[in-house]
Amino acid sequence: MAKPLPEHPAWLWRDPDPKASYDAIVVGGGGHGLATAYYLAKNHGITNVAVLEKGWLAGGNMARNTTIIRSNYLWDESAAIYEFALRQWEQLPAELDYDFLFSQRGVLNLAHTLQDVREATRRVNANRLNRVDAEWLEPDEVAKICPIVNVSPDVRYPVLGATFQPRAGIAKHDHVAWAFARACDAMGVDIIQNCEVTGFLKDGDRVTGVETTRGNISAGTVGLVAAGHSSVLAEKAGFRLPVQSHPLQALVSELYEPVHPTVVMSNHVHVYVSQAHKGELVMGAGVDAYNGYGQRGSFHVIEHQMAAALELFPIFGRAHLLRTWGGIVDVSPDASPIIGPTPVENLYINCGWGTGGFKATPGAGWAMAHTMATGAPHELNRPFGLERFVTGALIDEHGAAAVAH
């Protein structure tokens, strides 16, 4: 079981010392930021680190994600970093000594058209070549894995089969953040909340620290790990990022007895459905088409995808909605992340994950920490640098790996 939270952890209220100088600053107190700080300390012995969060710990996209963890991506580069992350997920509860409810209940990606079937079977073969567990299931096999899915041929979106990754699953996102935060704190990392970065201290083209709402803080190196707002911070540093921010909607129901044994996703209607540990049904849609920073999306998007979800899961027709929300996701031109150096010396970036950020948390933190500590990309994130948008070596996962969550 997870350890009880202390009533008033001192580090939650710590004020930054204007005279302090850190070896590294991580901007963003979500999953990726905390994982970066953790691996800076654990893998590289860099403990003089400050994590700066403009709000509260894990109060951004980390509190608004899909909770889904999987690694069944098509392209070699994507499969490498997501599979590395999945292997980290499998041992992190013991390593961090924290039960964040990682449940490997498997993920089904449904196929509704002949093109879906072709794409899905291609991806299964690609996964197996990359030693990622993957299976192709016929409709009757889908029904055995998840009996509540409507596999009747007489529906608008008939289930022609599905891919299945048994090792995939879900985890409780806020628990993940607290697990990393506790481990960081134990190693001497400072975690400073309500501390928004408003600018950068520079010596020529080299970053030497950050300006914040609570004073200036010096640093040897700075990592930008702020989902949804990376382009805003990059502009403050003097360069532009090829990313756009979009709302991403989801909802949960009231609590119900366990009825949904796995995670089901559909590329054709871009919807996913799982059931949380407490009993809520968790449903979500694709990103809204328009750009924005609002944490609530357009009604027609969620309405269309929930209508499709109810056809796939008739049992949910009388479920009661509890709440809806929207996250803010950075989407790069090829829907793959950007992790690596920037045009500004000593400044590194981790952004552009679209809807794939949560599942990559430990892998992204590992790679980002290596890049900040050594000044050079790790093999995992070398293909995901900014230079690919100049060379054309894109990693287009936008429609390649079923629904993008």
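K.L.:
Give me the lowdown on the overall build of the protein chain, citing residues and values where you can.
P.N.:
For the protein chain, the count of helices and strands is 9 helices and 18 strands. The globule rule puts the C-alpha radius of gyration for 405 residues at 22 Å, and the 21 Å found for the protein chain is close to it. Expressed along its principal axes, the backbone C-alpha trace of the protein chain runs to roughly 70 × 50 × 40 Å. Expressed as a percentage of the 405 residues in the protein chain, the buried residues total 58%. Sequence separation of at least 24 residues holds for 77% of the intrachain contacts in the protein chain that already meet a minimum separation of 6. Accessible surface, the protein chain: about 16400 Å² in total, of which carbon and sulfur atoms supply 53%. Of the side chains in the protein chain, 31 bear a positive and 41 a negative charge, and the two mean positions are spaced by 1 Å.

K.L.:
An account of the nonpolar core is needed here, citing residue identities and associated values.
P.N.:
Ranked by internal contacts, the top residues of the largest apolar core, which has 52 residues, are Trp89, Leu96, Phe100 and Phe180. Put simply, the parts of the chain that give this core at least two residues each are strand 1 (21–27), helix 1 (31–44), strand 2 (49–52), helix 2 (76–96), helix 5 (173–186) and helix 8 (361–374). With 8 residues, helix 5 is the largest single contributor of residues to this core. Those residues within four positions of Leu96 in sequence are excluded, and the remaining contacts are Tyr38, Ala179, Phe180 and Ala183. In this structure, Ala20, Phe239, Ile338 and Leu386 belong to the second largest nonpolar core, which totals 29 residues.

K.L.:
Outline the pattern of salt bridges, listing residues and values.
P.N.:
Throughout the structure, instances matching the rule amount to 12 salt bridges. Linking Lys42 and Glu95 is a salt bridge whose minimum nitrogen-to-oxygen distance equals 3.9 Å. Of this pair, Lys42 sits in helix 1 while Glu95 sits in helix 2, and the two are 53 residues apart along the sequence. When its relative accessible area of 28% is taken as the criterion, Glu95 is described as partly exposed. Residue Arg388 is joined to Asp334 by a salt bridge in which the shortest nitrogen-to-oxygen separation is 2.9 Å. Separated by 54 residues along the polypeptide, Arg388 in helix 9 (residues 388–391) and Asp334 in the loop between strand 16 (321–331) and strand 17 (338–341) bring together distant segments of the chain. In terms of burial, Arg388 and Asp334 fall into one category: buried. When salt bridges with common partners are traced through the structure, they connect Glu83, Arg87, Glu90, Asp133 and Arg167 into a single cluster.

K.L.:
Before we move on, can you summarise helix 7 (residues 299–312) with the specific residues and values?
P.N.:
Across its 14 residues, helix 7 extends 20 Å between first and last C-alpha, which sits within 8% of the 20 Å expected from 1.5 Å per residue. Check the buried side of helix 7 and you find it contacts strand 4 (107–111), strand 12 (244–255), strand 13 (263–266), strand 14 (271–275) and strand 15 (280–287).

K.L.:
Go over the environment of Asn109, please, and point to the residues and values.
P.N.:
Tracing the backbone through its elements, the reader meets Asn109 in strand 4. Polar side-chain contacts of Asn109 include one of 2.9 Å to the side chain of Asn72.

K.L.:
Can you break down the sheet that holds strand 15 residue by residue, with the values?
P.N.:
With respect to topology, 8 strands assemble into an open sheet ordered 5-6-4-13-14-15-12-16, the strand pairing being mixed. Here the strands that pair on one side only, and so sit at the sheet edges, are strand 5 (135–137) and strand 16. For this sheet the average axis-to-axis angle between neighbouring strands, irrespective of direction, equals 20°. Looking at chain direction, strand 5 and strand 6 (residues 161–165) are connected through 3 bridges and run antiparallel. When the bridges of strand 6 are listed, Glu135 appears paired with Phe164. Lying over the sheet, helix 7 contacts strand 4, strand 12, strand 13, strand 14 and strand 15, oriented at roughly 130° with respect to strand 15.

K.L.:
How would you summarise unusual backbone geometry if you had to cite specific residues and measurements?
P.N.:
Negative phi is the rule for most residues except glycine; trans is the rule for most peptide bonds. Residue Asn194 is not a glycine yet carries a positive backbone phi of 50°. Positive phi is not limited to glycine here, since Ala335 has a value of about 60°. Mapped onto the fold, Ala335 is located in the loop between strand 16 and strand 17. Overall, the relative accessible area of 21% leaves Ala335 in the partly exposed class.

K.L.:
Account for the confidence of the model for the protein chain, naming residues and giving values.
P.N.:
On average, the protein chain scores 90 in pLDDT, and the residues at 70 or more come to 93%. Low pLDDT, under 50, characterises residues 1–13; the predicted model gives this stretch 21 contacts beyond four residues in sequence or across chains.

Conventions and cut-offs
- Numbers given for residues are sequential positions, taken from 1 along each chain in its written order.
- Totals for whole chains, interfaces and linings use all residues, but because this is a predicted model, local features are given only for residues with pLDDT of at least 70 and pairs of side-chain atoms are given and counted only at 80 or more.
- Each side-chain value is worked out from all heavy atoms of the structure, with water and hydrogens disregarded.
- Numbering of helices and strands runs from the N terminus, with a helix taken as a DSSP run of H or I at least four residues long and a strand as a DSSP run of E at least two residues long.
- To get the radius of gyration, use the C-alpha atoms; to get the globule rule, take the number of residues to the power 0.38 and multiply by 2.2 Å.
- Only protein chains enter the accessibility calculation, which uses a 1.4 Å probe. A residue is then buried if its area is under 20% of the maximum for its type, exposed if over 50%, and partly exposed in between.
- Pairs of residues are marked as contacts when any of their non-hydrogen atoms sit within 4.5 Å.
- Here, Shrake-Rupley sampling with a 1.4 Å probe gives the accessible areas, and only protein chains in the shown set may cover a residue.
- For this count, His and the chain ends are skipped, Lys and Arg are scored as positive, and Asp and Glu as negative.
- Lys charges are placed at NZ, Arg charges at CZ, Asp charges at CG and Glu charges at CD.
- We define the nonpolar core as a collection of buried residues of types Ala, Val, Leu, Ile, Met, Phe, Trp, Tyr and Cys that are connected through side-chain atoms lying within 4.5 Å of one another.
- Here a salt bridge means any side-chain nitrogen of Lys or Arg lying within 4 Å of a carboxyl oxygen belonging to Asp or Glu.
- Expected helix span is taken as 1.5 Å per residue step, with the number of steps being one fewer than the number of residues.
- Under this definition, polar contacts are N or O atom pairs within 3.5 Å; protein pairs additionally need one hydrogen-donor-capable and one acceptor-capable atom, and for neighbouring residues in sequence, both atoms have to be side-chain atoms.
- We treat two strands as partners when DSSP finds at least two bridges between them.
- To get an axis, a line is fitted to the C-alpha atoms, and for a helix only the part in contact is used. The angle between two axes follows their N-to-C directions and goes from 0 to 180 degrees.
- Along the chain, pLDDT gives the predictor's confidence residue by residue, from 0 to 100.

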